[in-house]
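Listed below are the residues making up each chain.
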Amino acid sequence: MKAIITVVGKDKSGIVAGVSGKIAELGLNIDDISQTVLDEYFTMMAVVSSDKKQDFTYLRNEFETFGQTLNVKINIQSAAIFEAMYNI
């Protein structure tokens, strides 16, 4: 299983630490990560993977709830969606 996680919100300390901790807690591995601050807004994109099949509804709910604690929006999408777009 491979997925793309995006994080957007007003910049503050601890966002990367919090999100990466949640990723690990959910049994996902960070394969690649990029983050930047645009003006005063934090943006992050991470490619994550897992050897096990994951329930995306569960993961979305977990990240959405966790994002509220950091005042950021966290989204996760299957990488298969992006791969399918390129195969059309």
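A brief look at the structure comes next. (Residues numbered from 1 in each chain as written. Predicted model: local features only at pLDDT ≥ 70, side-chain atom pairs only at ≥ 80, totals over all residues. Heavy atoms only, no water.)

### Some details on the sheet that holds strand β4 (residues 72-78)
Counted only if it meets this: Note: two strands are recorded as paired if DSSP finds a minimum of 2 bridges between them. Strands are runs of DSSP state E lasting at least 2 residues, helices are runs of H or I lasting at least 4, and numbering of each runs from the N terminus. Every axis in this analysis is a line fitted to C-alpha atoms, fitted for helices over the stretch in contact. Angles between the N-to-C directions lie between 0 and 180 degrees. Only heavy atoms matter for contacts: two residues are in contact if any of them lie within 4.5 Å across the pair.
On the basis of which strands lie adjacent, the open sheet formed by four strands has the order β2-β3-β1-β4 and antiparallel pairing. Strand pairing shows two members of the sheet lacking a second neighbour, β2 (29-38) and β4, which therefore form its edges. Between one strand axis and the next, the sheet turns through 15° on average, direction left out of account. Two strands pair when backbone bridges link them, and strand β1 (residues 2-10) and strand β3 (residues 41-49) are joined in this way by nine bridges, in the antiparallel orientation. Considered in β3, the bridge of Val8 is made with Thr43. Sheet strands in contact with helix α1 (residues 15-25) are β1, β2, β3 and β4, and its direction is about 20° off that of β3. Each of β1 and β4 touches helix α2 (residues 56-70); the most contacted strand, β4, lies at about 165° to it.

### Some details on the environment of Gln68
Along the chain, the position of Gln68 falls in helix α2. As a C-alpha pair, Gln68 and Phe56 span twelve residues in sequence and 18 Å in three-dimensional space.

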